[in-house]
Amino acid sequence: AYAIRDGLEFRNQEVIVEQPGGSRSTILVNIDPMRDAAGRIIGAVNVFLDITKLRYAERKAIKEKNNLRTLLKTVPVAVLIAHDAQCKHISGNPAAERLLRMRQGGNLSKSAPAGETPEHFRLLKNGRVLAPEEMPVQRAARGEEIHNDELDFEFDDGTIVRALMSATPLRDTTGALR
(Lines give C-alpha, C1' and ligand atoms only; values in the text may rest on other atoms or scores of the structure.)
Protein backbone atom coordinates (compact mmCIF):
# COMPACT_ATOMS: atom_id res chain seq x y z
CA ALA A 1 0.00 0.00 0.00
CA TYR A 2 2.82 2.45 0.86
CA ALA A 3 4.59 1.62 -2.39
CA ILE A 4 1.47 2.43 -4.41
CA ARG A 5 0.23 5.39 -2.34
CA ASP A 6 3.56 7.11 -1.60
CA GLY A 7 5.94 5.65 -4.19
CA LEU A 8 8.13 4.12 -1.50
CA GLU A 9 10.54 1.24 -2.14
CA PHE A 10 11.12 -1.45 0.45
CA ARG A 11 14.30 -3.50 0.61
CA ASN A 12 14.85 -6.66 2.63
CA GLN A 13 12.07 -6.01 5.13
CA GLU A 14 11.36 -9.02 7.32
CA VAL A 15 7.70 -9.68 7.98
CA ILE A 16 6.16 -12.36 10.18
CA VAL A 17 3.11 -13.90 8.51
CA GLU A 18 0.72 -15.99 10.57
CA GLN A 19 -0.64 -18.90 8.59
CA PRO A 20 -4.08 -20.44 9.04
CA GLY A 21 -3.73 -22.79 11.98
CA GLY A 22 -1.35 -20.46 13.85
CA SER A 23 2.05 -21.36 12.34
CA ARG A 24 4.28 -18.42 11.47
CA SER A 25 6.58 -17.78 8.55
CA THR A 26 9.32 -15.19 8.20
CA ILE A 27 9.13 -13.52 4.80
CA LEU A 28 11.73 -11.23 3.26
CA VAL A 29 9.88 -8.51 1.35
CA ASN A 30 11.11 -6.31 -1.51
CA ILE A 31 8.62 -3.93 -3.16
CA ASP A 32 9.03 -1.35 -5.93
CA PRO A 33 6.30 0.93 -7.26
CA MET A 34 5.54 0.49 -10.96
CA ARG A 35 5.18 3.69 -12.98
CA ASP A 36 3.78 4.46 -16.42
CA ALA A 37 5.58 6.59 -19.01
CA ALA A 38 4.30 9.76 -17.32
CA GLY A 39 5.71 8.65 -13.95
CA ARG A 40 2.33 7.91 -12.34
CA ILE A 41 2.20 4.93 -10.02
CA ILE A 42 0.15 2.19 -11.62
CA GLY A 43 0.99 -0.72 -9.33
CA ALA A 44 3.83 -2.39 -7.49
CA VAL A 45 6.22 -5.27 -8.00
CA ASN A 46 6.36 -7.48 -4.93
CA VAL A 47 9.04 -10.09 -4.34
CA PHE A 48 8.57 -12.27 -1.29
CA LEU A 49 11.08 -14.86 -0.12
CA ASP A 50 10.27 -17.33 2.65
CA ILE A 51 13.30 -17.31 4.98
CA THR A 52 11.65 -19.23 7.83
CA LYS A 53 14.08 -22.17 7.59
CA LEU A 54 17.07 -19.83 7.34
CA ARG A 55 16.07 -17.92 10.50
CA TYR A 56 15.41 -21.22 12.31
CA ALA A 57 18.87 -22.47 11.32
CA GLU A 58 20.44 -19.19 12.49
CA ARG A 59 18.69 -19.40 15.88
CA LYS A 60 19.76 -23.03 16.22
CA ALA A 61 23.39 -22.16 15.34
CA ILE A 62 23.42 -19.31 17.88
CA LYS A 63 22.02 -21.64 20.56
CA GLU A 64 24.65 -24.30 19.76
CA LYS A 65 27.41 -21.69 19.79
CA ASN A 66 26.24 -20.42 23.19
CA ASN A 67 26.06 -23.99 24.51
CA LEU A 68 29.59 -24.68 23.29
CA ARG A 69 30.87 -21.41 24.78
CA THR A 70 29.32 -22.35 28.15
CA LEU A 71 30.80 -25.84 27.97
CA LEU A 72 34.27 -24.51 27.17
CA LYS A 73 34.05 -22.06 30.09
CA THR A 74 33.05 -24.70 32.61
CA VAL A 75 34.94 -27.84 31.57
CA PRO A 76 38.02 -28.31 33.80
CA VAL A 77 40.12 -29.48 30.84
CA ALA A 78 42.35 -27.13 28.84
CA VAL A 79 41.05 -26.57 25.31
CA LEU A 80 43.09 -24.65 22.72
CA ILE A 81 41.78 -23.43 19.37
CA ALA A 82 43.99 -22.26 16.50
CA HIS A 83 42.33 -19.44 14.58
CA ASP A 84 44.55 -19.72 11.52
CA ALA A 85 46.33 -22.53 9.70
CA GLN A 86 49.77 -21.21 10.73
CA CYS A 87 48.73 -21.17 14.42
CA LYS A 88 49.81 -17.55 14.81
CA HIS A 89 46.78 -16.98 17.04
CA ILE A 90 45.64 -19.63 19.51
CA SER A 91 43.03 -18.96 22.15
CA GLY A 92 42.00 -21.13 25.04
CA ASN A 93 39.25 -21.70 27.52
CA PRO A 94 39.75 -20.58 31.14
CA ALA A 95 41.32 -23.94 32.06
CA ALA A 96 43.92 -23.49 29.30
CA GLU A 97 44.67 -19.95 30.41
CA ARG A 98 45.15 -21.15 34.00
CA LEU A 99 47.36 -24.07 32.91
CA LEU A 100 49.56 -21.79 30.81
CA ARG A 101 49.48 -18.96 33.37
CA MET A 102 48.18 -16.57 30.74
CA ARG A 103 45.84 -13.60 31.01
CA GLN A 104 42.29 -13.94 29.75
CA GLY A 105 42.06 -13.49 26.00
CA GLY A 106 45.82 -13.63 25.48
CA ASN A 107 47.47 -15.30 22.51
CA LEU A 108 48.61 -18.73 23.73
CA SER A 109 50.58 -19.57 20.58
CA LYS A 110 54.27 -20.42 20.52
CA SER A 111 53.96 -19.74 16.75
CA ALA A 112 52.79 -16.17 17.34
CA PRO A 113 54.62 -13.23 15.76
CA ALA A 114 57.62 -11.86 17.62
CA GLY A 115 56.57 -9.95 20.72
CA GLU A 116 53.33 -11.94 21.11
CA THR A 117 54.86 -15.35 21.84
CA PRO A 118 54.51 -16.48 25.46
CA GLU A 119 58.07 -16.83 26.78
CA HIS A 120 57.41 -17.90 30.38
CA PHE A 121 57.07 -21.61 29.58
CA ARG A 122 58.51 -24.27 27.31
CA LEU A 123 56.86 -27.45 26.03
CA LEU A 124 59.00 -30.58 26.33
CA LYS A 125 58.75 -34.19 25.23
CA ASN A 126 61.07 -36.66 26.95
CA GLY A 127 63.09 -33.73 28.32
CA ARG A 128 63.63 -32.09 24.90
CA VAL A 129 62.17 -28.63 24.20
CA LEU A 130 59.80 -28.80 21.23
CA ALA A 131 60.00 -26.32 18.39
CA PRO A 132 56.66 -24.65 17.65
CA GLU A 133 56.09 -26.76 14.52
CA GLU A 134 56.42 -29.94 16.64
CA MET A 135 53.64 -28.97 19.07
CA PRO A 136 50.31 -30.82 18.96
CA VAL A 137 48.09 -27.91 17.88
CA GLN A 138 50.51 -26.91 15.14
CA ARG A 139 50.74 -30.51 13.91
CA ALA A 140 46.94 -30.80 13.89
CA ALA A 141 46.72 -27.58 11.87
CA ARG A 142 48.74 -29.40 9.18
CA GLY A 143 46.22 -32.28 9.19
CA GLU A 144 47.71 -34.68 11.72
CA GLU A 145 45.60 -36.36 14.43
CA ILE A 146 47.38 -36.41 17.80
CA HIS A 147 46.18 -38.77 20.55
CA ASN A 148 47.37 -38.86 24.16
CA ASP A 149 50.77 -37.26 23.62
CA GLU A 150 52.47 -36.95 27.03
CA LEU A 151 54.24 -33.59 27.31
CA ASP A 152 55.67 -31.37 30.03
CA PHE A 153 55.11 -27.64 30.47
CA GLU A 154 58.18 -26.19 32.13
CA PHE A 155 57.71 -22.71 33.59
CA ASP A 156 60.34 -20.08 34.34
CA ASP A 157 59.89 -20.64 38.10
CA GLY A 158 60.97 -24.29 37.67
CA THR A 159 57.47 -25.76 37.96
CA ILE A 160 56.79 -28.66 35.60
CA VAL A 161 53.23 -29.66 34.72
CA ARG A 162 52.79 -32.95 32.89
CA ALA A 163 49.87 -33.04 30.44
CA LEU A 164 48.28 -35.60 28.20
CA MET A 165 47.47 -33.81 24.94
CA SER A 166 45.31 -34.65 21.97
CA ALA A 167 44.69 -32.46 18.93
CA THR A 168 42.60 -32.73 15.81
CA PRO A 169 42.46 -30.64 12.65
CA LEU A 170 39.66 -28.13 12.14
CA ARG A 171 38.17 -28.26 8.65
CA ASP A 172 35.78 -26.08 6.70
CA THR A 173 32.61 -27.33 5.00
CA THR A 174 34.63 -28.61 2.02
CA GLY A 175 36.99 -30.59 4.24
CA ALA A 176 39.93 -28.24 3.72
CA LEU A 177 42.12 -27.41 6.71
CA ARG A 178 41.28 -24.12 8.29
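If you're wondering where the values come from, they're calculated on a predicted model, not measured in any experiment.

Participant: What is the right way to read the side chain of glutamine 138 from this model?
Facilitator: Here glutamine 138 shows up in helix H4 (residues 136-141). The exposure class of glutamine 138 is buried, given its relative accessible area of 6%. Looking at glutamine 138, its side chain comes within polar contact range of the side chain of serine 111, at 2.9 Å. When residues no more than four places from it in sequence are discounted, the contact partners of glutamine 138 are Cys87, Ile90, Ser109, Lys110, Ser111, Pro132 and Glu133.

Participant: Is there a simple way to explain empty space enclosed by the protein in this structure?
Facilitator: To find leftover empty space, a probe the size of one water molecule is rolled over the atoms. Enumeration according to the criterion identifies one cavity of 30 Å³ or more in this entry. Quantified by volume, the largest cavity comes out at close to 130 Å³. Taken together, 14 residues form the lining of the largest cavity, with Leu80, Leu108, Leu123, Met135 and Gln138 sitting closest to its centre. For the lining of the largest cavity, the elements supplying multiple residues, two or more each, are strand S6 (121-125) and H4. In the lining of the largest cavity, the residues fall into eleven nonpolar, two polar and one charged.

Rules used throughout
Residues numbered from 1 in each chain as written. Predicted model: local features only at pLDDT ≥ 70, side-chain atom pairs only at ≥ 80, totals over all residues. Heavy atoms only, no water. Helix = DSSP H or I, 4+ residues; strand = E, 2+ residues; numbered from the N terminus. Buried < 20%, exposed > 50% of the residue type's maximum accessible area, 1.4 Å probe, protein only. Polar contact = N/O pair within 3.5 Å; in protein donor to acceptor, adjacent residues only side chain to side chain. Contact = heavy atoms within 4.5 Å. 1 Å grid on protein atoms, 1.4 Å probe; cavity = no way out; pocket = protein on both sides within 12 Å on 5 of 7 lines; lining within 4 Å. Points joined across faces, edges and corners; volume = space filled by probe spheres on them. Nonpolar A, V, L, I, M, F, W, Y, C, P; charged D, E, K, R; others polar.

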